Structure formats: C-alpha cells, structure tokens
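Chain and residue survey
Read off the chains here:
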Amino acid sequence: GESVNDDNLVEGEAEAQISHFLSSLSLLYEKVKDLISLCINLINQIIAIYHKGSKYFEDFDKNISLEQPIMYIAKILSFFNLIDLIVEQNENLTSHWKLYRYLLSKCKDSYTQFGFQDANEYKSLEKKINKFNNSIMSGNLLESCIKNINESTGILGDDGSFIKSFEIVEYKNYLFEIINKK
C-alpha cells in the first residue's frame with residue numbers, strides 16, 4: 001500500500017494522529033449512512049416504477065429511463081468500494097487504528113487518568129470507535145452496505161437477480177460487477 005515508514009514517530013504520535021482523524025471519520029460515517037438511505041430510496045422508487053413484479057409496472061410509461069438512478073447507485077457503491085480499498089491498502093492507518101482501539105480499551109477502568117471527565121464520556125467515544133470499526137475501518141464497508149440495502153429492500157439478491165432484469169446493459173453490468181466484488 002501507500003504507506004510511509006512510521007519508525008520515526010514519537011511514542012504516542014500515531015494514537016494522537018488517529019484521535020485527530022476521528023472527527024473526519026464521524027463525518028464520513030454520517031455520509032455513509034446518508035448514502036445507504038439514498039440507495040434504499042432509489043431502489044424502492046425503481047421497484048415501484050419499473051420492476052415487472054410490481055403492481056405499478058403496467059400503469060407507468062415503458063419509456064421511463066432508469067439510467068440515472070442506476071448510475072447513482074453504482075457510484076455510491078463504487079465510493080464504498082474505494083473506502084474499503086483505502087483501508088485495506090494503508091498499512092499505517094490500519095495498524096495505528098488497531099493500536100488506538102487497544103489503548104482505548106486499556107483506559108476503560110481508569111478513564112479519568114486519560115483525560116475523560118466521566119464514564120459517559122468514555123463510553124460515548126468507545127461507542128463511536130466501535131461504529132467506525134464495524135463500518136468504515138472494517139475493510140468490508142461495501143459488503144455490509146449491500147447487505148443493509150438488501151435487508152431493507154429485499155430486492156438486490158445475492159446473485160444480482162433484480163439488476164439482471166434491467167435492460168440498461170451498461171449500467172446494469174457496472175452495478176452487477178460492484179455487487180459481485182463483495
């Protein structure tokens with residue numbers, strides 16, 4: 001990966017860098033949640049308009065273009081895949097992250113010695129760290145997002161069966177390739 005040798009770091013500097021990075025992770029986490037909601041909304045709208053199994057299919061004009069919503073879904077899933085690649089290919093980021101989580105877990109019983117005012121402040125940070133660890137920093141963001149979308153809409157299917165029903169070959173193939181990367 002694109003890693004820089006971290007032998008020159010002063011003790012505790014890696015953890016300090018991660019702690020400064022937490023606000024960015026928080027923003028990214030909120031964007032990921034918003035994008036998942038957007039994907040679910042787009043898919044539900046597509047189902048209502050175009051899916052042959054939908055009761056609305058016959059009522060709508062057959063010339064409705066699904067090109068744009070499918071492209072948006074593909075771009076969102078590509079973004080999630082990019083986040084996974086960044087995490088997977090940045091050895092320093094992942095090693096510093098693991099060290100930060102380890103050191104945070106050591107603070108649990110004596111949190112006041114580490115600058116936490118009370119147990120709630122520590123627990124709040126621990127909860128955020130667990131959210132980030134299970135999503136953005138997991139390296140499996142794309143897979144978990146697809147699972148979330150599928151559980152919410154029930155339509156993607158593990159084999160991409162919903163996507164296969166579309167006639168827009170270029171976007172269908174692009175989206176199907178992204179889903180199969182999980």
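Summary of the structure given here. (Residues numbered from 1 in each chain as written. Predicted model: local features only at pLDDT ≥ 70, side-chain atom pairs only at ≥ 80, totals over all residues. Heavy atoms only, no water.)

Turning next to the overall build of the protein chain. When helices and strands are counted, the protein chain shows seven helices and zero strands. Each helix and strand of the protein chain, ordered N terminal to C terminal, gives the series α-α-α-α-α-α-α. Across the 182 residues that make up the protein chain, the buried fraction comes to 36%. Expressed as a percentage of contacts within the protein chain between residues at least 6 apart in sequence, the contacts between residues at least 24 apart total 73%. (Helix = DSSP H or I, 4+ residues; strand = E, 2+ residues; numbered from the N terminus. Buried < 20%, exposed > 50% of the residue type's maximum accessible area, 1.4 Å probe, protein only. Contact = heavy atoms within 4.5 Å.)

Counting residues in hydrophobic clusters, the biggest one holds 36 residues, and the most contacted among them are L22, F80 and W97. Elements that contribute at least two residues to this core include exactly α1 (13-49), α2 (67-89), α3 (91-106), α4 (119-134) and α5 (141-153). Sorting elements by how many residues they give to this core places α1 first, with twelve residues. If near-sequence neighbours (up to four positions away) are discounted, L22 is found in contact with W97, Y100, L125, I129 and F132. (Core = buried A, V, L, I, M, F, W, Y, C linked by side-chain atoms within 4.5 Å.)

Right, let's talk about the environment of T112 for a bit. As for its placement among the helices and strands, T112 is situated in the loop between α3 and α4. Looking at T112, the relative accessible area reads 52%, which means it is exposed. Note: C-alpha distance between T112 and Y122 (ten residues apart in sequence) is 9.0 Å.

This paragraph deals with α2. In an α-helix there are 3.6 residues to a turn, and that puts residues three or four apart on one side. Under the 1.5 Å per step criterion, the end-to-end length of α2 is 32 Å for 23 residues, consistent within 8% with the ideal 33 Å. Among the residues making up α2, those that are buried are P69, I70, M71, I73, A74, I76, L77, F80, N81, I83, D84 and V87. (Expected span 1.5 Å × (residues − 1).)

Our next topic: the pattern of salt bridges. Summed over the entire model, instances satisfying the criterion amount to one salt bridge. Notably, a salt bridge pairs K33 with E30, separated by 3.6 Å at the nearest N-O pair. Here K33 and its partner E30 are both found in helix α1, three residues apart, which amounts to about one turn of the helix. Look at K33 and you get partly exposed, because its relative accessible area is 38%. (Salt bridge = Lys/Arg side-chain N within 4 Å of Asp/Glu carboxyl O.)

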